[in-house]
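Architecture and fold: a report
The primary structure of each chain is shown beneath.
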Amino acid sequence: GDTTVEAIEAAIKRVTAEEGDDYLVFVVSDANLGGYGITPEMLQRALTSDPKVTACAIFIAERAAADMLSSALPAGRGYVCMDVEQLPNILKEIFARAAISG
């Protein structure tokens, strides 16, 4: 089975275990989460479980599933990356959002 939600929760706990200026968690997924019973609501709860942490999911495959998942998540929490050349721009946007909200 898929452990995406558990991995997000563990990463958030680990990143906040020590004091820091910013707390960032990146999840890269093929977006085939529905096959494991993972809903957008479950992802949203995990990604937003700690308000100090900017946790984002980047979906790299399964265009339809990626679009559905990213649109179901709060703004700035889900991204679709079908072309690896877009990844630096996506990360730049995430870092910029974190700087503004932090």
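Above this text sits the structure in question.
Notes on the structure follow. Note that the structure is a prediction, hence the values are computed from the model and not measured.

Right, let's talk about the layout of surface pockets for a bit. Within this model, the largest pocket holds a volume of roughly 230 Å³. Lining of the largest pocket is provided by 18 residues; of these, Thr54, Arg77, Arg97, Ala98 and Ser101 occupy positions nearest its centre. At the level of elements, β1 (23–29), β2 (53–59) and α4 (87–101) are the ones that each hand at least two residues to the lining of the largest pocket. Looking at which element gives the most residues to the lining of the largest pocket, the answer is α4, with four residues. The residue inventory of the lining of the largest pocket, partitioned by class, reads nine nonpolar, four polar and five charged.

Once that is clear, we can look at the pattern of salt bridges. When the charged atoms of two side chains with opposite charge come close together, those side chains can pair. Enumeration over the complete set of coordinates arrives at two salt bridges. The partner of Arg63 in a salt bridge is Asp67, and the shortest N-O contact between them spans 3.4 Å. Of this pair, Arg63 and Asp67 are both found in helix α3 (residues 63–72), four residues apart, which corresponds to roughly one turn of the helix. What makes Asp67 partly exposed here is its relative accessible area of 34%.

Even without a glycine there, the phi angle at Ala31 is positive, about 70 degrees. You can see Ala31 is positioned in the loop between β1 and α2 (40–47). One non-glycine residue, Glu62, adopts positive backbone phi at about 55 degrees. In this structure, Glu62 sits in the loop between β2 and α3.

Grouped together as the largest cluster of nonpolar side chains are 20 residues, with contacts concentrated most on Ile8, Leu43, Leu47 and Phe59. Elements with a contribution of two residues or more to this core: α1 (4–15), β1, α2, β2 and α3. If you tally residues by element for this core, the top one is β2, at four residues. Dropping the residues within four chain positions of it, Leu47 is found in contact with Ile8, Ile12, Val27, Ala55, Cys56, Ala57, Leu73 and Arg77.

Moving on, we get to the sheet that holds strand β3 (residues 78–80). Reading across from one edge, β1-β2-β3 is the order of the three strands in this open sheet, with parallel pairing throughout. If you trace the sheet from one side to the other, it starts and ends with β1 and β3, each paired once. Across the sheet, the axes of successive neighbouring strands diverge by a mean angle of 20 degrees, strand direction being ignored. Sheet strands touched by α1: β1 and β2. Its angle to β1, the strand with the most contacts, is close to 160 degrees.

Right, let's talk about the environment of Asn32 for a bit. Here Asn32 is to be found in the loop between β1 and α2. Judged by its relative accessible area of 35%, Asn32 is partly exposed. Spatially, the C-alpha atom of Asn32 lies 33 Å from that of Gly20, the residues being twelve residues apart in sequence.

Calculation notes
The numbering scheme is per chain: residues are counted from 1 as the chain's sequence reads. Predicted model: local features are reported for residues with pLDDT of at least 70 only, side-chain atom pairs are reported and counted for 80 or more only, and whole-chain, interface and lining totals are derived from all residues. Water and hydrogen atoms play no part in the side-chain values, which are based on all heavy atoms of the structure. Here the term cavity refers to a set of points on a 1 Å grid, laid over the protein atoms alone, in which a 1.4 Å probe fits but cannot get out; the term pocket refers to an open set having protein on both sides within 12 Å along at least five of seven lines, with lining residues being those that place an atom within 4 Å of a point. Grid points are joined across faces, edges and corners, and a volume is the space filled by probe spheres set on the points. Numbering goes from the N terminus for both helices and strands, where a helix is a DSSP run of H or I of at least four residues and a strand is a run of E of at least two. Each residue is assigned to one class: nonpolar for Ala, Val, Leu, Ile, Met, Phe, Trp, Tyr, Cys and Pro, charged for Asp, Glu, Lys and Arg, and polar for all the others, Gly among them. Any carboxyl oxygen of Asp or Glu within 4 Å of a side-chain nitrogen of Lys or Arg constitutes a salt bridge here. Relative accessibility decides the category of a residue: with a 1.4 Å probe and only protein chains considered, values under 20% of the type maximum give buried, values over 50% give exposed, and everything between is partly exposed. Only buried residues count toward a nonpolar core. Its members are Ala, Val, Leu, Ile, Met, Phe, Trp, Tyr and Cys residues joined through side-chain atoms within 4.5 Å. Only heavy atoms enter the contact rule, under which two residues are in contact if any of them lie within 4.5 Å. In this scheme, strands are said to pair when DSSP sees at least two bridges between them. Axis definition: a line fitted to C-alpha atoms, over the contacting stretch in the case of helices. Angles run 0 to 180 degrees between N-to-C directions.

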